[in-house]
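Residues per chain, in single letters:
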Amino acid sequence: MARSFLFAQDTGDAATTRLIATAAQLTGFMKGEPGPARPGWYRPGADNGPMLAELHAALAATYPKAGPAFYAVRLWTNLLWQPAYLAVISAHFHGAMPDLSGLSQQRRGIYVDGYRLLPGAQVAASVEALIDNAGSQLSAMTAAMLEEVNALARLKPLPARRLLADRMLSLMVWLSQRRRDLPPEQIEAYSAQWLHVLGLTGQGGLETVQGPAGQRLLIVKRKGCCLDYRIDPDRLCATCPKQDNAVRLARQTANALAEL
């Protein structure tokens, strides 16, 4: 395992800028900038009640028939997607882990989209050590987030854990598509470690399908449901566990092949 060390404080600005630029380049949609939270943004440890109440009200106004369970799920998944992306990008591409408690998030209508990250020292280490570091940070962050969600709309721990597992597993598939040099076995090992450090083992997993040249392609086998069918009952996500398994495999295989 590589030796861990901290980027010096006087290089914190440059390291933060590099991470934000890397996230934007890799995803094409992550919109970040260095600096403290702006007024009204979500910030770990702050009084986020007003911001979350506004997000909840926007969801209820946009989808009045979807119901409280859907609003709870959307609050939860909105809060966790950017921290999860940043943690994975930091560990697998950037090579160093920031203090994620310095992450603030912006609400845009019914979405949380846009973030700021406080510059500061970052821990540089092996991928495995960075996963452990990020897992500890994300565990604390998501525990607090779940309490905040439950102050507005009831979301039980089990579906919350499964939805977090879905996010991490989807990110491992995303990683496999951007790091073709990594064999599926390595991605599966990383995935198992992420789930373990987050206390999510058994809440979903990866499986493989075969590509046209015989290659192994990774897809998600999820246990959680995002409840999006409450918006459109006739349309299920490609990974939805509610659909026939053969249909799920066919849809995910087609998506995996489209990424080749």
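Residues numbered from 1 in each chain as written. Predicted model: local features only at pLDDT ≥ 70, side-chain atom pairs only at ≥ 80, totals over all residues. Heavy atoms only, no water.

1. Observations concerning the pattern of salt bridges
For clarity, the cut-off: Here, a salt bridge means any Lys or Arg side-chain nitrogen found within 4 Å of an Asp or Glu carboxyl oxygen. Numbering of helices and strands runs from the N terminus; a helix is a DSSP stretch of H or I covering at least four residues, while a strand is a stretch of E covering at least two. The buried label goes to any residue with under 20% of its type's maximum accessible area, the exposed label to any with over 50%, and the partly exposed label to all in between, with areas taken from a 1.4 Å probe on protein chains only.
A complete count under the given rule lists ten salt bridges for this structure. With a shortest N-O distance of 2.8 Å, Lys31 and Asp113 are connected by a salt bridge. Taken together, the residues span a long stretch of sequence, with Lys31 in the loop between α1 (12-27) and β2 (32-34) and Asp113 in strand β5 (residues 111-117) at a distance of 82 residues. Accessibility expressed as a relative area gives 39% for Lys31, which makes it partly exposed. Judged by its relative accessible area of 18%, Asp113 is buried. Salt-bridge contacts for Arg74 lead to Asp228; the nearest nitrogen and oxygen are separated by 3.3 Å. With Arg74 in helix α3 (residues 68-94) and Asp228 in the loop between β8 (216-222) and α7 (245-258), the pair connects residues that are 154 residues apart, well separated along the chain. Arg74 gets classed as buried once you look at its relative accessible area, which sits at 13%. Owing to a relative accessible area of 26%, Asp228 belongs among the partly exposed residues under this scheme. Each of the salt bridges in this network shares a partner with another, and the network as a whole consists of Glu33, Arg38 and Arg116.

2. A few points about the pairing of β5
Spelled out, the test is: Two strands qualify as a pair provided DSSP detects at least 2 bridges between them.
Counting buried positions along β5 yields six of seven residues, so the element is predominantly enclosed. Looking at chain direction, β2 and β5 are connected through three bridges and run parallel. Across the sheet, residue Gly32 finds its bridge partner in β5, namely Tyr115. Taken together, the five bridges between strand β4 (residues 103-108) and β5 define a ladder with antiparallel strand orientation. Its bridge partner lying in β5, Arg108 is registered against Tyr111. Counting the residues in the hairpin turn of β4 and β5 gives two residues, including Gly109, whose phi is positive at 65°.

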